[in-house]
Each structure stands twice: as structure tokens, then as C-alpha cells.
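# Results of the structural survey
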Amino acid sequence: MDAGDSNNGDSFEDLSFWWVFFGMFYQLLKKRQRAVRYNSILTGDDRVTEFLHGHWERIFNRTRMTRDCFVRLSSIMEQTGRLTPSRAVSVEEQLMIFLFVVGHGASNRDAQETWQRSGSTISKYFGIVLETIFNMSGEYIRPPDMNNVHHTIRYNNRFFPYFQGCVGAIDGTHVSACVTYMLSGWEGSAHDARVLEHAISEPQNGFPFPPPGKYYLVDSGYANRGCFLAPYRGTNYHLRDRRRLGGDRKKEQFNYRHASLRNAIERTFGIWKRRFPILRSMHQFPLDKQAMIPVACVVLHNFIRMDPASVAQDHISGDEDDDDASSEDDSVDADPDGVDVGESSSHLNIPQDMDMGAFRDYVTNCIHEGSSG
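Computed from a predicted model, the values in this text were never measured in an experiment. (Residues numbered from 1 in each chain as written. Predicted model: local features only at pLDDT ≥ 70, side-chain atom pairs only at ≥ 80, totals over all residues. Heavy atoms only, no water.)

### Describing the nonpolar core
Nonpolar side chains tend toward joint burial in soluble globular proteins. In terms of nonpolar packing, the biggest core is built from 45 residues, with Phe98, Trp115 and Ile133 touching the most fellow members. At the level of elements, α2 (44–53), α4 (67–79), α5 (91–104), α6 (108–115), α7 (119–134) and α13 (287–305) are the ones that each hand at least two residues to this core. For this core, the leading source of residues is α13, giving ten residues. Once you skip the residues sitting within four places of it in the chain, Phe98 turns out to touch Phe126, Val129, Leu130, Ile133, Ala296 and Leu300. (Core = buried A, V, L, I, M, F, W, Y, C linked by side-chain atoms within 4.5 Å. Buried < 20%, exposed > 50% of the residue type's maximum accessible area, 1.4 Å probe, protein only. Helix = DSSP H or I, 4+ residues; strand = E, 2+ residues; numbered from the N terminus. Contact = heavy atoms within 4.5 Å.)

Written out as C-alpha cells, the structure is:
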């Protein structure tokens, strides 16, 4: 065999090698080729349209608010420039993505499948809407008119006139189930009294101090001082405790009325957590986002409370009934000492020269005298 034949053989072997190589490489590419992931007939925008024009219950279950409430919120966002549509994602879809996550405790993967968007897109718009709603807290988390006696107290003979100076309670408000102040970002292990002390001692926290003669209800974990009225410690507090023998009858009466009024606050937070399950099981967001999410949910909660249809639908769907709230202490007829006390009397507001301890004793005596008369 001459040199030419040898070179031709080597060339053929080299060519065969490359053919085999490219063939194997092509097969490998075919195996690793990713299938189209988001191939649903309905895109994210199509789903928004479907919910907006479908049965009213579908959009309520998806967003935790009625169609009209959602349309009003999205209109406010877009008209004020808080949210702007992108080339591919409308303001309505951005808002629905956020509401779906917080209203169902949904993961990023769940949202990807529902809205047929990539994980980065879901994360991006969740963050944008979160920050936008968080920045609305100054508009929707505000104290009520503290100079008026709310009808919850005014027309309930267990509370009026004894608690007519009460304007709310720490952890929420007793009146219309709207949260009026929130300080987020503390670790769960921090004692409530420590958090309150921080809230009232730092002016930048914007704590809404009540006017003279008014006060907040607090539980026994707080000190009975300043503008905070606490129950008696070491004394029966709930209705089930009052059924036990023994104890100071007058203090028990005060503690029971105090507990009944505070029960509305516990129920409010139960409703809040049921409406936004993400609060029960927070995802692994960065810490700054974890601190913003409860505030944003309060903004949404208060916005929803402004829509009577959404509130009515809460009752129908059962969101107003929460396992975390005790119904026993909230019964209007549960207190055998309730009597008709007639018109308002300003002497049950805190006098300027009376500390909270003396005022609590004074209210306690008034409740006892009223129930004995």
C-alpha cells in the first residue's frame, strides 16, 4: 500500500469519527431539549379576563374581594401611577398575581402554573405590588375619630358608659374590624410589652396617642398605666373562669367586661389571617419583604372593609367565623349582670388628676353598683 492509500484511509476514519460524534451530540441535544413549559391555552391575561367576566364567586375566591372591589383597586393603582402595565403584563394581572399569593399562601411554582408566567416574572411583579401597597399604609391604616363613642360600645349595656372612653385596643381596634395602627418587623419571640414600649417611645413610629380622657384596652401582659387600661392580674378573666367559685366578685365583673370587649380584636385578627393565609405560613422571603407583607395585608384588609359587598361575602363564605376567636365571651346575653344604664355620663372618662389604677377601680365600682341596683 502506497502513501496515498494510507492517507485516504486515515481521512475516511477521521470523517467517520466526526459523523459518529455529531450524531451522538445531536441525539443528546434532542434528549435534553426542554419541552414548552407554559403551553396552556389561557395566558395570564386570558385568565384575568376569565375571572373578571366569569361567575362572581370565582374572582372572590381568587382575590379575596368582589369584582367591583378589585376593579376599583386596580383603577386606583393605574390612574394614580402606582402601578404601570408592561408590554406583557397588565396592571390587573400584576395585582391578581399578588392577591393570589397572599390570599392562598401560594408558592412561586403555584403562581407560575396558574398565570403561565416564569418564576422570575412572578417574583418581579409580586415585589412591585408588595412595595406599592406597603407604601399606601399611610392612607389606609389610620386611627378613627377618637372623640366619638362607637356604636359597638354606645348601644351595648355591658360596655356603656363604663368603657365609653375606650378608643381601641392594642393588636387592633374594637369597632369596625379595621386595623388602625401596625408596627411590623419585630421577631415573634419579643414580648408584647417590649414592642409597645418601642412603639410609644420612638416618635418616628407614629403611634396614635388618644386625646385626654381616652384610652386603649390591653391584656394582662401590659402595665396598667398611661393611656392603657389592663385587667386585674390574678383574677378570673373569661366567662368560663367566672363560673368557678371564689375570687373578688367586683374585679371579676370588670375583667369579664374587659375580656368581652377585647374579644372583637381577637376575632378581627382571626378574620385577617383567614383572608390572607400567607400570614399563617410565611414563605422564605427576604426579611425586608417578610416585614412588609403583614402591613400590605392590613392595607388590603381595610380597603376590603370599605366594600360592603366584600364584607357580606365574608359572612357567606365563613371568613368571619374563625377558630382563633372565642364566641363564648362575645355573646350579648352571656353576662347576667348586664343592665340598661341609660344616657352617657362624662364622669366615666379619665379625670385629669386620676391615674389609671384609680380609674380602673372607679369603673369597677360603677359596674358592680350598676349590676346590683
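What follows continues from the structure just given.
### What about empty space enclosed by the protein?
Overall, the coordinates contain two cavities of 30 Å³ or more when judged by the stated rule. In this structure, the second largest cavity spans a volume of roughly 30 Å³. Taken together, Leu73, Met77, Ile133, Met136, Tyr140, Val299, Leu300 and Phe303 make up the full set of residues lining the second largest cavity. When contributions to the lining of the second largest cavity are tallied by element, the ones reaching two or more residues are α4 and α13. Looking at the lining of the second largest cavity, the element that brings in the most residues is α13, giving three residues. Its residues assigned to classes, the lining of the second largest cavity shows eight nonpolar, no polar and no charged. (1 Å grid on protein atoms, 1.4 Å probe; cavity = no way out; pocket = protein on both sides within 12 Å on 5 of 7 lines; lining within 4 Å. Points joined across faces, edges and corners; volume = space filled by probe spheres on them. Nonpolar A, V, L, I, M, F, W, Y, C, P; charged D, E, K, R; others polar.)

### Observations regarding the sheet that holds strand β3 (residues 228–229)
Strand order across the open sheet formed by three strands is β1-β2-β3, with parallel pairing between neighbours. Single-partner strands in this sheet number two, and they are β1 (166–169) and β3. Bridge count between β1 and strand β2 (residues 215–217): three bridges; the pairing is parallel. When the bridges of β2 are listed, Ala169 appears paired with Leu217. (Pairing = 2+ DSSP bridges.)

### Description of the environment of His53
For His53, the position within the fold is in helix α2. As a C-alpha pair, His53 and Arg67 span 14 residues in sequence and 8.9 Å in three-dimensional space.

### Let's talk about helix α3 (residues 56–63)
Buried within α3 are the following residues: Ile59, Phe60 and Thr63. Looking down the long axis of α3, one finds its buried residues gathered within 105° of arc, a one-sided arrangement. Residue Arg64 follows α3 closely and has a positive phi angle near 70°. (Arc of directions from axis to C-beta.)

### Describing the side chain of Gln116
One can find Gln116 in the loop between α6 and α7. Residue Gln116 is classed as buried on the basis of its relative accessible area, which comes to 11%. In this structure the side chain of Gln116 is engaged in a polar contact, spanning 2.9 Å, whose partner is the backbone oxygen of Glu113. (Polar contact = N/O pair within 3.5 Å; in protein donor to acceptor, adjacent residues only side chain to side chain.)

### Looking at α2
Within α2, burial applies to Gly44, Arg47, Val48, Phe51 and Leu52. Viewed end-on, α2 has its buried residues packed into an arc of 130°, placing them on one side of the element. Residues of α2 that are buried sit in contact with α3, α4, α5 and α6.

### Notes on the pattern of salt bridges
If you walk through the whole model with that rule in mind, you get three salt bridges. Of the charged contacts in the structure, one is a salt bridge between Arg82 and Glu139, with a shortest N-O distance of 2.4 Å. Of this pair, Arg82 sits in the loop between α4 and α5 while Glu139 sits in helix α8 (residues 137–140), and the two are 57 residues apart along the sequence. A relative accessible area of 28% means that Arg82 is categorised as partly exposed. Glu93 is the salt-bridge partner of Arg117, the closest N and O atoms lying 2.8 Å from each other. With Arg117 in the loop between α6 and α7 and Glu93 in helix α5, the pair connects residues that are 24 residues apart, well separated along the chain. For the pair shown, Arg117 and Glu93 are each scored as buried. (Salt bridge = Lys/Arg side-chain N within 4 Å of Asp/Glu carboxyl O.)

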